[in-house]
Amino acid sequence: TFILSKSYFTWLKVYDFDVRFHHGHAMKFGGGIGGLTIPVLKAIGRYDLQRKAYLDVFGHVHTALDGGKFISNGSLIGDTPYGSRLGFTGKPQQQFFLIDKTYGKTIVAPIFVQ
């Protein structure tokens, strides 16, 4: 099933958990100084004023990270000259996660691709 949203956010209800998917380019990271976590949580706080999400999933920064309230996806293409210039490095990967009906997000793990 494909969900083609006309808005910036794509929503998916998994059991009773609202998951908000987006590319991530609307969040400002200030060049990544200090890492992703604080800018991402501030952006999520603003997004939650409109509609609260249990989990945000995005990939713009090509960095695999389980941030508790968010999952930042890795990069399927891995290292490239362009990505390396911007500081995106790593093995080609996709984040995998499970949501349990009772406990919510339980597992986050990389799937490495070649």
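Below is a short write-up of the structure. Owing to the predicted nature of the structure, the values given are computational and were not obtained by experimental measurement.

**So, a nonpolar patch on the surface**
So, step 1. On the surface, a nonpolar cluster with roughly 310 Å² of combined accessible area is contributed by Phe96, Leu98, Ile107 and Ile111.
So, step 2. Elements with a minimum of two residues in the nonpolar patch: strand S6 (93-100) and strand S7 (104-112).
So, step 3. Its location among the elements puts Leu98 in strand S6.
So, step 4. On the accessibility criterion, Leu98 (35% relative accessible area) is partly exposed.

**Description of the sheet that holds strand S3 (residues 55-58)**
So, step 1. Across the sheet, 5 strands lie side by side as S1-S2-S3-S5-S4; this open sheet has mixed pairing. One side of each edge strand has no neighbouring strand; the edge strands of this open sheet are strand S1 (10-14) and strand S4 (65-66).
So, step 2. Here S3 pairs with strand S5 (residues 70-72) via 3 bridges, running parallel. In the sheet register, Asp56 faces S5, and the bridge partner there is Phe70.

**Notes on the environment of Ser75**
So, step 1. Along the polypeptide, Ser75 turns up in the loop between S5 and helix H2 (81-86).
So, step 2. What makes Ser75 buried here is its relative accessible area of 9%.
So, step 3. Among all residues touching Ser75, those that are not within four sequence positions of it are His62, Lys91, Pro92 and Gln93.

Cut-off values and rules
- Residues numbered from 1 in each chain as written.
- Predicted model: local features only at pLDDT ≥ 70, side-chain atom pairs only at ≥ 80, totals over all residues.
- Heavy atoms only, no water.
- Patch = residues over 30% accessible without salt bridge, like charges linked within 9 Å, V, L, I, M, F, W, Y side chains within 5 Å.
- Areas by Shrake-Rupley, 256 points an atom, 1.4 Å probe, with all protein chains shown as cover.
- Salt bridge = Lys/Arg side-chain N within 4 Å of Asp/Glu carboxyl O.
- Helix = DSSP H or I, 4+ residues; strand = E, 2+ residues; numbered from the N terminus.
- Buried < 20%, exposed > 50% of the residue type's maximum accessible area, 1.4 Å probe, protein only.
- Pairing = 2+ DSSP bridges.
- Contact = heavy atoms within 4.5 Å.

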